[in-house]
Each structure stands twice: as structure tokens, then as C-alpha cells.
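Coordinate analysis (summary)
Listed below, chain by chain, are the residues.
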Amino acid sequence: MATMRLMLDPAKRSPEVQQFEDGLRRRVVGQDRAIRQLSRVYQVFRAGISAPGRPLANLLLLGPTGSGKTRLVEAAAEVLFGDARAVLKVDCAEFQHSHEISKLVGSPPGYLGHRETHPLITQEAIDQYQTETTQLSLVLFDEVEKASDALWQLLLGILDKATLTLGDNRRVDFSRSMLFLTSNLGSQEMASLVEGTLGFVGAGKFDDAELDHKIYKTASEAARRKFSPEFMNRIDRVIVFRSLQRLHLEAILDIELERIQERIMKSTAGKQFVFQLTSSARDFLLLEGIDPKYGARHLKRALERHLVFPISNLVATDQIHLGDLITVDIEPGTTRPTFFKEESGALVIPAAQFNPAKALTAASSAGGPGSFLTYHPSAE
Ligand SMILES: Nc1ncnc2c1ncn2[C@@H]1O[C@H](COP(=O)(O)OP(=O)(O)OP(=O)(O)O)[C@@H](O)[C@H]1O
Ligand SMILES: [Mg+2]
């Protein structure tokens, strides 16, 4: 009997995993390796062959500060559940003292205050975002290097057996959870590697691949020094984030600007308008929001301060109206943006017809000199 042999392709991804990966790519910039690793884990979950009695994955995320570690987890929540907050997040720094552990797991019955403590980690809390099609939970332990000994003990149990026993003896099952543990251990050393790089001031000390390798080494060595073998052995994957280059940071600025534009489009004030930035305004925001030491960590704050606050004032004081086109510029020698109304009500858009997503695509493909968003009514 002739046998038929068919070569299979294990690298092929299912459409839902491809969608997951694409969604992450649209949100997280310059961290392709991290995204690929995460989507592999997701593929195993989707195939239904995750190891029983363990969390779906124990992932240790390392790398420079402000490089997107926490953002990746939020992005996964957005893609899977439509909400960046669909993550159970434990800030380990808040539980440095062992007595604070009762906030996490509740205190045993009979203890003073037993009834008043509502543990942060419960089965309901973990499972609350699951949907019929995605019975998976995202659990994030942020700044894990700051955990107290008592928290470490809890963590080791969760990582190994996927269970946690609460103060009142109820059990919490993590076997449908992806566990993310983040740490910026070694970030001081990484910052000194990156210094002078970041593309802002031309070439740094190392080329891209070299820097990537050095960051990887610094992060993994710092982790091995700090974390016990017991802990490291329970980690399925160590994912090291890269330090971001100027081109990544520019892309992050675009993503954040787009989010602000979306907020404006969804605002209930009935004064939807479009804004665009001159290239000097972009440069200004990049410089304000980004620095070699903190990556993009301060970008959002800079945008709130220099864009969202002044814009809110302009809206509240009736200087901006529905359909306006606003240009944000930096006058030479000044240290804050200037706002100009190009044409009053030029873009009058019946709210019911307006589709921000469509406008955004139309606008970004239009791309005038230094423009970020321009709404072209003809593109409707
Ligand atoms: N790679 C990235 N892609 C998109 N946005 C990013 C990226 N890195 C940073 N950001 C932006 O910067 C903010 C801070 O990044 P994030 O909180 O992910 O840093 P982190 O790596 O967790 O740093 P830390 O170690 O200090 O916690 C994010 O909310 C996001 O706006
Ligand atoms: Mg973080």
C-alpha cells in the first residue's frame, strides 16, 4: 500500500493568533521578539495543549525602563478583551512588608479585621474578563524584584502549581492564566549602555545589534544574580525588551497622538475637531516626553501637559468648535506649543456620519509636510 506523506508547517499561525499578533504590533513598537514569543504562547493556548496543573505560561519580562513591558500586557488585554485594564495587576512594590500580604490574599478567619479584608486576588477577580471564546486571564506582577519574602513564597507556589490558598482556605486556580512578571533589574547598567544612543544625538557607543545583545546579557545576568534558581526554573520564557531607537519613539508618538485624536472624536462635548502638528511641535514633544534613561515613560505625561490640558482649555472657553482644524506649532524660542485655528468649522462633519477610524486612515495616508492628521472631507 502506497503511503502518502505530506509535509506540515509548524510555523503557520491560525487566523486568531495572527490577529492577536497584528493587534500587538499596532500597539507595541520595536519589540518584535517579545511579540513573537507572546503569540507563540497564545498559539499553544488556542490549540488547547497547554500543560495541565500549571499556569498557561510564566513569562519574565526584562529590559530598560519605558520600553513597553507593561504596555505589552495592556496591549494583549486590549486585543483580547477590548480593554487595557482587563488584567489583574499586582504592584509588588506595594506589598513589600509581609503584613501587607493580607491585602492580597485576605487574613485567616478569626483574625481581627477578617471580614473587612477583601483579598485582591480571588478566582472571581482573575476570571472576570474571560469571555466564552477566550477563557484566559492575564495576571501581571509588576516590579517583581521588590516583592517581600512572603510574596515570593506565594509566587513560587503560583508559578509551580498554579494554585494559591487564600486566608480563608479558598483556593485560586491559575491554570487558565498567563503570568507576566516584570522587572527593570539592571536598568541602571542598561541606561549607561544606551547613553548617547537613542538616535537623537547620532550614533551611540554600539551598533544596534551589539546594543541589543548587551542589553540581553545585562538583563539576564542581573536576573540570575537577584533571583533564586528555584524561581528562574519556574519561568518558561525570559523575554528581554530592547532599548528603543528614535524611529521607534517617533512611532510611539504617532500612536499616542492618534489615541488623543480618538479621545477628541469620542468626546461628548459635541466639539469634535482635528488637530495636526508641525514638525517642530513633534520634535518638541519627543524631546519633552522621551529620554535615554526613561524611554517613553514620560511621553504620556508630556502629551497631557502640552497638548491635552491646553486643548481642553481651548474647548472649554469656546475657542475651538465642531469641525475646526487646529495646528499645533512651536514658535522659535518658546518652550510651549502655540495653537492656531486654520479654518473655522472648515471640516463640518455631521456627528452621525463621522467615522474617526476612517478619518484617521484617510488623514495619515494624506501626510502633508510634518502633518500628523488632516481631515479631508473629500475622503469620506
Ligand atoms: N515599545 C513600546 N510601544 C508602544 N508604546 C510604548 C513602548 N514603550 C513604551 N511605550 C509608552 O511608554 C509608556 C511606558 O511604558 P511601559 O509602562 O510599558 O514601560 P516599562 O517597560 O514597563 O517600564 P518600567 O520598567 O519602568 O515599568 C507606555 O504606556 C507607552 O505609552
Ligand atoms: Mg512597567
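Model, not experiment: these values are computed from the prediction.

Rules used throughout
- Residues numbered from 1 in each chain as written.
- Chains lettered and ligands numbered in written order.
- Predicted model: local features only at pLDDT ≥ 70, side-chain atom pairs only at ≥ 80, totals over all residues.
- Near = placed C-beta within 6 Å.
- Helix = DSSP H or I, 4+ residues; strand = E, 2+ residues; numbered from the N terminus.
- Nonpolar A, V, L, I, M, F, W, Y, C, P; charged D, E, K, R; others polar.
- Domains from an automatic or database assignment.
- Pairing = 2+ DSSP bridges.
- Axes fitted to C-alpha atoms, helices over the stretch in contact; angles between N-to-C directions.
- Contact = placed C-beta atoms within 7 Å.
- Parallel < 35°, antiparallel > 145°, perpendicular 65-115°, else oblique.
- Left-handed = near helix turned anticlockwise from the far one by under 90°.

1. Some words on the site of ligand 1
Contacts to ligand 1 come from 21 residues, most closely from Thr-65, Gly-68, Arg-71, Asn-184 and Ala-296. Among the elements that make up the shell around ligand 1, the one with the highest residue count is helix α3 (residues 69-81) (three residues). Grouping the amino acids of the shell around ligand 1 by side-chain chemistry returns six nonpolar, ten polar and five charged. For the shell around ligand 1, the domains that each give at least three residues are domain 1 (15-243) and domain 2 (247-379).

2. A look at the sheet that holds strand β3 (residues 137-142)
Picture the strands of a sheet paired through backbone hydrogen bonds; they go either parallel or antiparallel. Taken in spatial order, the five strands make up an open sheet running β2-β3-β6-β1-β7, and their pairing is parallel. Two strands lie at the open edges of the sheet, namely β2 (88-91) and β7 (237-240), each paired on one side alone. Averaged over all pairs of adjacent strands, the angle between strand axes in this sheet comes to 20 degrees, irrespective of strand direction. Across five bridges, the pairing between β3 and strand β6 (residues 177-183) is parallel. Considered in β6, the bridge of Ser-137 is made with Ser-177. Across the sheet, α3 lies against β1 (57-62), β3 and β6, angled at about 165 degrees from β3, the strand it touches most.

3. Examining the packing of helix α1 (residues 15-27) against α3
The geometry of α1 relative to α3 is characterised by a closest axis approach of 9 Å and an angle of 130 degrees between their N-to-C directions. Regarding the angle of α1 to α3, the classification is oblique. Considering how the two elements wind past one another, α1 and α3 form a crossing that is right-handed. Judged by residue contacts, Phe-20, Gly-23, Leu-24 and Arg-27 of α1 engage Leu-72, Ala-75, Ala-76, Glu-78 and Val-79 from α3.

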